[in-house]
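Close look at the chain arrangement
This is what each chain is made of:
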Amino acid sequence: MTAIELRGVTKEFAGVTAVRDLDLTVEDGEVYGFLGPNGAGKSTTIDMLLDLVRPTAGTVRVLGADVATDGVAIRRRTGVLPDGFSVYDRLSGRKHVEFAVESKDAADDPDALLARVGLADAADRDAGAYSKGMRQRLALAMALVDDPDLLVLDEPSAGLDPAGAKEMREIVRAEAERGATVFFSSHILEQVDAVCDRVGILRDGELVAEDSVEGLRETVGGEETLEVAAAGADDEAVATVRALDGVSGVTRDGDELVVNCDSDAKTAVIGALEEAGVAVADFHTREASLEDLFLAYTEGDAATRDADSAASTPADDEPADDEPTDDGTDDEPAAEEVDR
Ligand SMILES: Nc1ncnc2c1ncn2[C@@H]1O[C@H](COP(=O)(O)OP(=O)(O)OP(=O)(O)O)[C@@H](O)[C@H]1O
C-alpha cells in the first residue's frame, strides 16, 4: 500500500504559492526525509497531510484514504510530532501522554512511553518547566501512542542535544522495523542521512530531487574531492594537475592538495604528481555529503527567491489556535488553517 500520495497539490496563500503542483509518493514502511530551505513549503505540505490546511488544488491521500473525507480514521492511525509543539504549562509530562492515550482510546502505558523518550525522571514535573529538548521528547512520546502506522515528524530533532538526536534516530529506526512509515522534515542533514531510505528536496514549493542519498550523489555527478598529502608539490606540479582532463579545481592547503575531479580522474592526478617528482605520502577521497547535495539542489537563482518578503507575508487565514497541540485525534475534521 502507498502510505502517502499527493497528486497535483498546490497551496496558495494570499500572494504566496507555498506548494506548487506537487506529486509525492511514500510507500508503506519507508523512512522518507523531507528537506528544503526555509520557506520551501515543507510545513505546509505536512499540514495538508494532516488536513490542517486544505490544498487549493490536487488530492492528498494518506494510508489509502482521502484526507478530506476520511481525516478522523487517518488521524487515529497517525502519530504526529508537530512543528512548534506547545505544552499545557501546568500539566505534568505524564498527564500529556495520558491525554494522548485517552484521545486515541489506546492501551499504552504512559510511563513506558516516557521512559522510551528519556523522560522517566521528569514524568511528574510540570511540562511548562521542561526545556525545549524535553518538550520535543514529550511530543515524540505522544506521537508514538498506539503504534501508529504512519509517523509524521516536523523537525523532530529541533532542540535536541546530541544524545537526544541519537535516541531520535534509534526510535525512527525501531518504528520503521516495526513496519511504520516515517515521514519527517529536517534541517539536520546528518539525521536524514543516517535514517532515511529516500529523500525529497523541496524548493519554492516544488520537488526538485527525490532519491536515496546515494542516488542523489550519483545524479549530482561523479565529482569528488581528492585530498593528497604532497608536501613537495610546487606551482608547476599544481599547474600540471590543474591541466588534466576531468580536474575542475586544485587548491593547496598547507602540505595538502585538494583536487576537485571526476572520480575516474583520480589515478591520473596521483600519476601526474609522481611523474613531477612529488612524493605522495597519502591520499583519500571525500564523497559529497548530504549538505553538498542539498546545496547543489537548492542554491541558484530560484533558491534566492525573496525569502524575506515570503516570511513577512501577512497570513490570510485564521489566527493560530493557542491551544497546545494534541496528537491530532480530535473527532472534528480539521480544516482550520494554521498561521505561521
Ligand atoms: N498561513 C499562512 N499564510 C500565509 N503564508 C503562509 C502561511 N503558511 C505558510 N505561508 C508561506 O508559505 C511558504 C512556505 O512556508 P512553509 O512554512 O511551508 O515552509 P517550510 O519549508 O516549512 O519552512 P521552514 O523550514 O522555515 O519551516 C512561505 O513563503 C510562508 O511564508
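Being a predicted model, the structure only gives us computed values, none of them experimental.

Conventions used here
Residues numbered from 1 in each chain as written. Predicted model: local features only at pLDDT ≥ 70, side-chain atom pairs only at ≥ 80, totals over all residues. Helix = DSSP H or I, 4+ residues; strand = E, 2+ residues; numbered from the N terminus. Buried ≥ 20, exposed ≤ 12 C-beta atoms within 10 Å, placed from the backbone. Contact = placed C-beta atoms within 7 Å. Pairing = 2+ DSSP bridges. Axes fitted to C-alpha atoms, helices over the stretch in contact; angles between N-to-C directions. Domains from an automatic or database assignment. Parallel < 35°, antiparallel > 145°, perpendicular 65-115°, else oblique. Left-handed = near helix turned anticlockwise from the far one by under 90°. Core = buried A, V, L, I, M, F, W, Y, C linked by C-beta atoms within 7 Å. pLDDT = per-residue confidence, 0-100. Nonpolar A, V, L, I, M, F, W, Y, C, P; charged D, E, K, R; others polar. Expected span 1.5 Å × (residues − 1). Arc of directions from axis to C-beta.

**Let's talk about the overall build of the chain**
Counting secondary structure elements, the chain contains 12 helices and 14 strands. Across the 340 residues of the chain, 40% fall into the buried class. In the chain, once contacts between residues fewer than 6 apart in sequence are set aside, the share between residues at least 24 apart is 71%.

**Some thoughts on the sheet that holds strand 11 (residues 223-229)**
If you trace the 4 strands from one edge of the open sheet to the other, you get 12-13-11-14, paired in antiparallel fashion. Whereas interior strands pair on both sides, the edge strands pair on one side only; in this sheet they are strand 12 (247-253) and strand 14 (282-286). Going across the sheet, the axis of each strand differs from the next one's by a mean of 20 degrees, ignoring polarity. Two strands pair when backbone bridges link them, and strand 11 and strand 13 (residues 256-262) are joined in this way by 7 bridges, in the antiparallel orientation. Within strand 13, the residue paired with Thr-225 across the bridge is Asn-260. Sheet strands in contact with helix 9 (residues 235-242) are strand 12 and strand 13, and its direction is about 155 degrees off that of strand 12.

**With respect to the domain arrangement of the chain**
In terms of domain boundaries, the chain breaks down into domain 1 (2-217 + 292-311) and domain 2 (222-288). On a C-alpha basis, the centroid separation for the pair domain 1 and domain 2 is 42 Å.

**Here's the deal with the sheet that holds strand 2 (residues 16-27)**
With respect to topology, 4 strands assemble into an open sheet ordered 2-1-4-5, the strand pairing being antiparallel. Of all strands in the sheet, those bounded by a partner on one side alone are strand 2 and strand 5 (65-66). Across 5 bridges, the pairing between strand 1 (residues 2-13) and strand 4 (residues 57-62) is antiparallel. Paired with Thr-10 across the bridge in strand 4 is Ala-57.

**Some thoughts on the packing of helix 3 (residues 93-103) against helix 5 (residues 132-143)**
Where helix 3 meets helix 5, the axes come as close as 9 Å, and the angle between the chain directions of the two elements is 25 degrees. By the angle between their directions, the pair helix 3 and helix 5 is classed as roughly parallel. Regarding helix 3 and helix 5, the two cross each other, and that crossing is right-handed. Here Gly-93, His-96, Val-97 and Ala-100 of helix 3 lie close against helix 5, whose contacting residues are Leu-138, Ala-141 and Met-142.

**Looking at the nonpolar core**
Membership of the largest hydrophobic core comes to 72 residues, with the highest contact counts inside it found for Leu-49, Leu-138, Ala-141, Ala-143, Val-152 and Phe-183. Of the residues forming this core, the biggest block, 7 residues, is contributed by helix 5. Counting 15 residues, the second-largest nonpolar core is a separate cluster that includes Val-241, Cys-261, Ala-265 and Val-278.

**Comments concerning the confidence of the model for the chain**
Summarising the model, the chain shows a mean pLDDT of 84, and 86% of its residues fall at 70 or more. Below a pLDDT of 50 lies the segment residues 300-340, which in the model reaches 66 contacts outside its immediate sequence neighbourhood of four places, other chains included. Reported confidences for the modelled complex are a pTM of 0.74 and an ipTM of 0.98.

**Some details on the packing of helix 9 against helix 10 (residues 266-275)**
When two helices pack together, their arrangement is given by the angle between the helix axes and by the axis-to-axis distance. The N-to-C vectors of helix 9 and helix 10 enclose an angle of 150 degrees; their axes lie 9 Å apart at closest approach. With respect to their mutual orientation, helix 9 and helix 10 come out roughly antiparallel. Every pair of crossing elements has a handedness; the one defined by helix 9 and helix 10 is right-handed. Residues Ala-237, Thr-240 and Val-241 of helix 9 pack against Val-269, Ala-272 and Leu-273 of helix 10. Taken together, the residues of the contact of helix 9 with helix 10 sort by class into 5 nonpolar, 1 polar and no charged.

**Overview of the pairing of strand 9 (residues 198-203)**
Within strand 9, 5 of the 6 residues are buried, which leaves it mostly tucked inside the rest of the structure. Strand direction decides the pairing type here: strand 3 (residues 31-35) and strand 9, joined by 4 bridges, are parallel. Opposite Gly-33, over in strand 9, you have Val-199 as the bridge partner. As judged from the 5 bridges shared by strand 9 and strand 10 (residues 206-211), these two strands associate in the antiparallel manner. Looking at the pairing, Arg-203 lines up with Glu-206 of strand 10.

**Considerations on the environment of Glu-227**
Topologically, Glu-227 is positioned in strand 11. Through-space distance from the C-alpha of Glu-227 to that of Val-258 is 4.7 Å; in sequence the pair is 31 residues apart. Once you skip the residues sitting within four places of it in the chain, Glu-227 turns out to touch Glu-256, Val-258, Phe-283, His-284 and Arg-286.

**Re helix 6 (residues 162-178)**
Between the first and last C-alpha of helix 6 there are 24 Å, a value that for 17 residues agrees with the 24 Å anticipated at 1.5 Å per step. Listing the buried residues of helix 6 in full gives Ala-165, Met-168, Ile-171, Val-172 and Glu-175. Looking straight down helix 6, one finds its buried side chains confined to an arc of 120 degrees; they lie on one side. Those residues of helix 6 that are exposed and angled more than 90 degrees off the buried face are Pro-162, Ala-163, Glu-170, Ala-174 and Glu-177. Against the buried residues of helix 6 lie strand 3, helix 5, strand 7 (150-154), strand 8 (181-185) and helix 7 (189-195). One or two positions beyond helix 6, positive phi appears at Gly-179, with a value near 115 degrees.

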